[in-house]
Amino acid sequence: MSSQDYKFEGWLAEDASAANGTMKWKEFEPKEWEETDVDIKVTHCGICGSDLHTLRSGWGPTDYPCCVGHEIVGIAVRVGSKVQNGIKVGDRVGVGAQGESCLGRKGHCEECASGNERYCGKHFAGTYNGTFLNGGKSYGGYALYNRSPAHFAVKIPDGLSSAAAAPMLCGGATTYTPLKEYGCGPGKSIGVIGVGGLGHFAILFAKALGADKVVAVSRKANKREDALKLGADVYVATDDDENWAQEHDRSLDLIVSTVSSSKMPLAQYVSLLKVGGTFVQLGNPEDGALTIPAHILIMRGVKLGGSLIGSPHDLREMLQLAADKQLKPWVEERPMKDANQAIQDMTDGKARYRYVLVNDW
């Protein structure tokens, strides 16, 4: 199939009002084709919280018009002659949040050379709302087709449905990568702050990696049953459980925080760590900066850090683990034509716990 056989069309945000459900279906011009690229016929695309932030320019000015969606699964319909990762026409592939780094360019950075492309210090193009090194603009997966550098596309393993795989490509990777990096496994007690799109993945992957105990923490008690069904061993509702911080003091080796609020009780959360434990922040608040709880960090010798998405190697490893363990993320499929309503439902907190847009081919 050649590039003349199909058009690139999708849901375009023209201004910040798009977050209220005013995206418009239009044709767009993808990046100029390079022989290191892949064109994907999109079958599924997860709705990520990052999409909502970007639609409303919450993390800074968005380069409108913008087509969001960086949890893309589909069929490779065109593969460049210089693609080296084994992807072939007809393969089921996925693309996550990163579209390009400086890898492969003269003098590429140390991070890219070591397989840590997500922290490239010279060039980072998002799968949408970014600019590629050839000057082209990146458009995401709320669309019929997607064009991306093939280095950041990964094959979807057999045994893993496209609907399950799609939200793993950002939401899943964002939680899997720090869990793996900071030693989640047998003998470890893991805390998950926030039971939502990211948090539900954190529970699933913490258990899949063999954690002895997973403690899910949310504000209200209404997600207790869900968290326990997902595999959590303990549920803490901070608004409803009295003395929760004292009861779980010094009980966790690692905490991953998926919430995006500067108002979170960070000092109390950090107090749940054992001496030498690690707190990893994943959510990026729009409403201000987090205040570092210096006293507890010092007195407990704990570490406070962050983590960003996953590199292609992380994605492949995560997807294979999900296939091997037959993980079942909680997803609801929505027709691509209903994307405007789906993002409003996502904003209103109705998702349990991820929406996946599906093209009706």
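One numbering rule holds for all chains: residues counted from 1, following each sequence as written. Restriction of local features to residues with pLDDT of at least 70 applies here, the model being predicted, together with a cutoff of 80 or more for giving and counting side-chain atom pairs; totals for whole chains, interfaces and linings are based on all residues. Heavy atoms throughout the structure, all of them, feed into the side-chain values; hydrogens and water do not.

Going by what an unreviewed UniProt entry lists, the protein is known as alcohol dehydrogenase (NADP(+)) and is assigned to Talaromyces amestolkiae. As its UniProt record puts it under Catalytic activity (unreviewed entry), the protein is described as follows: "a primary alcohol + NADP(+) = an aldehyde + NADPH + H(+)". UniProt positions are given in the numbering used here, feature names are shortened, and annotations may be inferred rather than shown by experiment. The UniProt entry for the protein carries the following comment under Sequence similarities (unreviewed entry): "Belongs to the zinc-containing alcohol dehydrogenase family."

Draft legend 1. Broad picture of the UniProt feature "domain: Enoyl reductase (ER)" (unreviewed entry) in the protein. Per the UniProt entry, the sites bearing "domain: Enoyl reductase (ER)" (unreviewed entry) are residues 18–357 in this numbering. Along residues 18–357 the backbone is 26% helical and 24% strand, and the end-to-end C-alpha distance reaches 17 Å. Counting from the N terminus, the helices are DSSP H or I runs at least four residues long and the strands are E runs at least two residues long.

Draft legend 2. Examining helix 3 (residues 162–181) more closely. Of all the bends in helix 3, the greatest, near 60°, is centred on Met168. Buried, partly exposed and exposed residues are distinguished by accessible area as a fraction of the type maximum, computed with a 1.4 Å probe on protein chains only: under 20%, between the cut-offs, and over 50%, respectively. Of all 20 residues in helix 3, 18 are buried, a share of seventy percent or more. One or two steps after helix 3, the chain reaches Gly183, where phi turns positive at roughly 90°. The reported bend at a residue is simply the angle between two axes, fitted to the 7 residues ending at it and to the 7 residues beginning with it.

Draft legend 3. Summary view of the pattern of salt bridges. Note on definitions: salt bridges are taken to be side-chain nitrogens of Lys or Arg within 4 Å of carboxyl oxygens of Asp or Glu. Inspection of the entire model under this criterion finds 26 salt bridges. The salt bridge involving Glu14 is made with Lys24; its shortest N-O contact spans 3.3 Å. Taken together, the residues Glu14 in the loop between strand 1 (9–12) and strand 2 (24–27) and Lys24 in strand 2 connect sequence positions 10 residues apart. The class of Glu14 is partly exposed, set by a relative accessible area of 34%. Take Lys24: its relative accessible area is 43%, and that puts it in the partly exposed class. The partner of Lys180 in a salt bridge is Glu317, with the nearest N and O atoms 3.1 Å apart. Here Lys180, found in helix 3, pairs with Glu317, found in helix 9 (residues 312–325); they are 137 residues apart in sequence, far enough to count as distant.

Draft legend 4. Molecular detail of the environment of Ala13. Relative to the helices and strands, Ala13 is located in the loop between strand 1 and strand 2. Ala13 gets classed as buried once you look at its relative accessible area, which sits at 0%. Aside from chain neighbours lying at most four places away, what touches Ala13 is Ala18, Met23, Leu55, Tyr64, Pro65 and Cys66. Whether two residues are in contact is decided by their heavy atoms: any pair within 4.5 Å suffices.

Draft legend 5. Representation of the packing of helix 3 against helix 9. Here an axis means a line fitted to C-alpha atoms, over the contact stretch when the element is a helix, while the angle between two N-to-C directions is reported on a 0 to 180 degree scale. One way to put it is that helix 3 packs onto helix 9 with a least axis distance of 9 Å and a crossing angle of 100°. Accordingly, the angle class assigned to the pair helix 3 and helix 9 is roughly perpendicular. Between helix 3 and helix 9, the residues in contact are Ala165, Met168, Leu169, Gly172, Ala173, Tyr176, Thr177 and Lys180 and Asp314, Leu315, Glu317, Met318, Leu319, Leu321 and Ala322, respectively. Its residues assigned to classes, the contact of helix 3 with helix 9 shows 10 nonpolar, two polar and three charged. Orientation categories follow fixed angle ranges, with anything under 35 degrees roughly parallel, anything over 145 roughly antiparallel, 65 to 115 roughly perpendicular, and all other angles oblique. By the convention adopted, Pro, Cys, Tyr, Trp, Phe, Met, Ile, Leu, Val and Ala count as nonpolar, Lys, Arg, Asp and Glu as charged, and the other residues, Gly among them, as polar.

Draft legend 6. Examining the layout of surface pockets more closely. Its volume calculated, the second largest pocket comes out at about 440 Å³. Points on a 1 Å grid, built from protein atoms alone, make a cavity when a 1.4 Å probe fits but cannot get out and make a pocket when they are open with protein on both sides within 12 Å along at least 5 of 7 lines; residues with an atom within 4 Å of a point are the lining residues. For the second largest pocket, the lining is made up of 17 residues, of which Thr36, Lys82, Leu103, Gly104 and His151 are closest to its centre. Among the residues making up the lining of the second largest pocket, the classes are represented as five nonpolar, seven polar and five charged. Grid points are joined across faces, edges and corners, and a volume is the space filled by probe spheres set on the points.

Draft legend 7. Examining the environment of Gln268 more closely. Tracing the backbone shows Gln268 in helix 7 (residues 266–270). We classify Gln268 as partly exposed; its relative accessible area is 36%. When the C-alpha atoms of Gln268 and Ala19 are compared, they prove to be 33 Å apart, with 249 residues separating the residues in sequence. Ignoring any residue separated from it by four or fewer positions in sequence, one finds Gln268 in contact with Trp244 and Ala245.

Draft legend 8. Just helix 9, in detail. Here, expected helix span is obtained from the residue count minus one, scaled by 1.5 Å. Spanning 14 residues, helix 9 covers 20 Å between terminal C-alpha atoms, matching the ideal 20 Å at 1.5 Å per step. Turning to helix 9, its buried residues number three or more, namely Pro312, Asp314, Leu315, Met318, Leu319, Leu321, Ala322 and Ala323. Buried positions along helix 9 lie against strand 9 (153–155), helix 3 and helix 4 (197–208). Backbone geometry just after helix 9 places Gln326 at a positive phi near 55°.

Draft legend 9. Representation of empty space enclosed by the protein in the model. This structure, assessed with the given rule, holds two cavities of 30 Å³ or more. Space inside the largest cavity adds up to approximately 60 Å³. Along its surface, the largest cavity is lined by Gly96, Ala97, Gln98, Phe152, Leu169, Ile309, Gly310, Ser311, Pro312 and Leu315. Classifying every residue of the lining of the largest cavity gives six nonpolar, four polar and no charged. In this structure, the second largest cavity spans a volume of roughly 40 Å³. Lining of the second largest cavity is provided by Phe8, Phe28, Pro30, Lys31, Phe132, Lys137, Ser138, Tyr139, Tyr145, Asn146 and Arg147. Among the residues forming the lining of the second largest cavity, the class breakdown is six nonpolar, two polar and three charged.

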